[in-house]
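Breakdown of the fold
Spelled out from the first residue to the last, the chains are:
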Amino acid sequence: MEFSARQLCDLLQGELEGNPDVRVSSLSKIEEGTPGTLSFLANPKYAEYLYTTQASIVLIAKDLVLEKPVSSTLIRLDDVYSSFTKLLEMYHQKMAEKKGIEQPSFIEASAQYHDDIYIGAFAYIGKNVKLGVGVRIHPHVYIGDNVEIGAGTVLHDGVKIYHSCKVGAACTFHAGVIIGADGFGFAPQSENLYLKVPQIGNVVIEDHVEIGANTCIDRATLGSTYIRKGVKLDNLIQIAHNVDIGENTVIAAQTGIAGSTKIGKDCMIGGQVGIIGHITIADRVKIAAQSGIGASITREGDIVQGSPSFGIGEYKRAYVVFKKLPEIEKRIETLEKIEAK
């Protein structure tokens, strides 16, 4: 894939400085730029490399004032980072573009799919599966009976989607994602035995959801586990049965969410957060990494930290005191000795 500076400038609606005919065929970091590559400068910390890079084209901010001459052709943009992200996405799609059905693979006769599809080797497609236009299924993917997958969704190597689950359009599931395994439901019996509660619901994932590698989302006991439109999940996350995650919420790695909890829209949840079951978290709540959520958060926009968690301002004040506890203990001991005299 090769572009001229003029083509890139037109595509990104920028302002060109330098040779409009110079061409690039790959991408590079600005400090490692070589001829024939495209790079960008979005963080002022790397500004010094603009004057030494060998990259043929560099994307820079419109208002950046040059301190000395540069050898690269420049494209000035309102939002450098977003523009470069757009180019990365185009580059990624082009590199990953595959079509057709590889063999060996297995597709049930009742499965429905379009000509514009990719199904990699060793994939399994079950009965009555419905695959939208442009779905990309990489090798070793398992799709159970009665699953529906919307247009343009990409399933990377080793994804498993159990029966009857529904996936929207333009989703991306990375390697090892498991959708629709049984929820953790066991009824205690006598003599320390547990009776497994059948999990007969499903998982419903709406459009534009991205799920990181080895994340697991359990099917509902009854009804559905919901991952709403635009949700972004990191690697190694556990979402239990009947959880409902609101639109555009983002969750970092190693977070665990217990059953039947409802999380609002536009929330931001840090890594290694633990959330108990059967609670509600309001819209736009932010939860700091390694926090433990043991009760509902009902006020929209709250920011919490700690385990058990509480308001971020109060947490910071309490932490200042916590750090001083050894000093405070010594002062108390000194006062007690004085009082004893």
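Provided above is the structure to which this section pertains.
Quick caveat, the model's predicted, so the values are computed rather than measured. (Residues numbered from 1 in each chain as written. Predicted model: local features only at pLDDT ≥ 70, side-chain atom pairs only at ≥ 80, totals over all residues. Heavy atoms only, no water.)

What follows covers the packing of helix H3 (residues 312–323) against helix H4 (residues 325–340). Each pair of packed helices can be described by the angle between their axes along with the distance between the axes. Contact geometry for H3 and H4: axes closest at 5 Å, N-to-C directions at 55°. Judged by the angle between their axes, H3 and H4 are oblique. Between H3 and H4, the contacting residues are Val321, Phe322 and Lys323 on the first element and Leu325, Pro326 and Ile328 on the second. Classifying every residue of the contact of H3 with H4 by side-chain character gives five nonpolar, no polar and one charged. (Axes fitted to C-alpha atoms, helices over the stretch in contact; angles between N-to-C directions. Helix = DSSP H or I, 4+ residues; strand = E, 2+ residues; numbered from the N terminus. Parallel < 35°, antiparallel > 145°, perpendicular 65-115°, else oblique. Contact = heavy atoms within 4.5 Å. Nonpolar A, V, L, I, M, F, W, Y, C, P; charged D, E, K, R; others polar.)

Moving on, we come to the packing of aromatic side chains. A complete count under the given rule lists six aromatic pairs for this structure. Ring centres 4.0 Å apart and planes at 20° place the aromatic pair Phe40 and Phe84 in the stacked group. Taken together, the positions of Phe40 in strand E5 (residues 37–40) and Phe84 in helix H2 (residues 80–95) put the pair 44 residues apart, joining distant regions of the chain. Between the aromatic rings of Phe184 and Phe186, the centroid separation amounts to 5.3 Å while the plane-to-plane angle is 70°, which identifies the pairing as edge-to-face. Residue classification places Phe186 among the partly exposed residues on the basis of a relative accessible area of 38%. By the ring-pair criterion, three or more aromatic residues cluster together here, those being Phe40, Tyr81 and Phe84. Taking the ring centre of Tyr226 as reference, the NZ or CZ of Arg228 above it sits at 4.0 Å. (Phe/Tyr/Trp six-rings, centres within 6.5 Å; stacked < 30°, edge-to-face > 60°. Buried < 20%, exposed > 50% of the residue type's maximum accessible area, 1.4 Å probe, protein only. Lys NZ or Arg CZ within 6 Å of the ring centre and 35° of its normal.)

Empty space within the largest pocket amounts to approximately 500 Å³. Forming the walls of the largest pocket are 17 residues, and the residues nearest its centre are Glu89, His92, Gln93, Val154 and Thr172. The leading source of residues in the lining of the largest pocket is H2, at three residues. Among the residues making up the lining of the largest pocket, the classes are represented as five nonpolar, eight polar and four charged. Its boundaries defined by the atoms lining it, the second largest pocket holds a volume of some 170 Å³. If you go around the second largest pocket, the residues you meet are Lys29, Ile30, Glu31, Phe40, Leu41, Ala42, Asn43 and Tyr46. For the lining of the second largest pocket, the class distribution of residues is five nonpolar, one polar and two charged. (1 Å grid on protein atoms, 1.4 Å probe; cavity = no way out; pocket = protein on both sides within 12 Å on 5 of 7 lines; lining within 4 Å. Points joined across faces, edges and corners; volume = space filled by probe spheres on them.)

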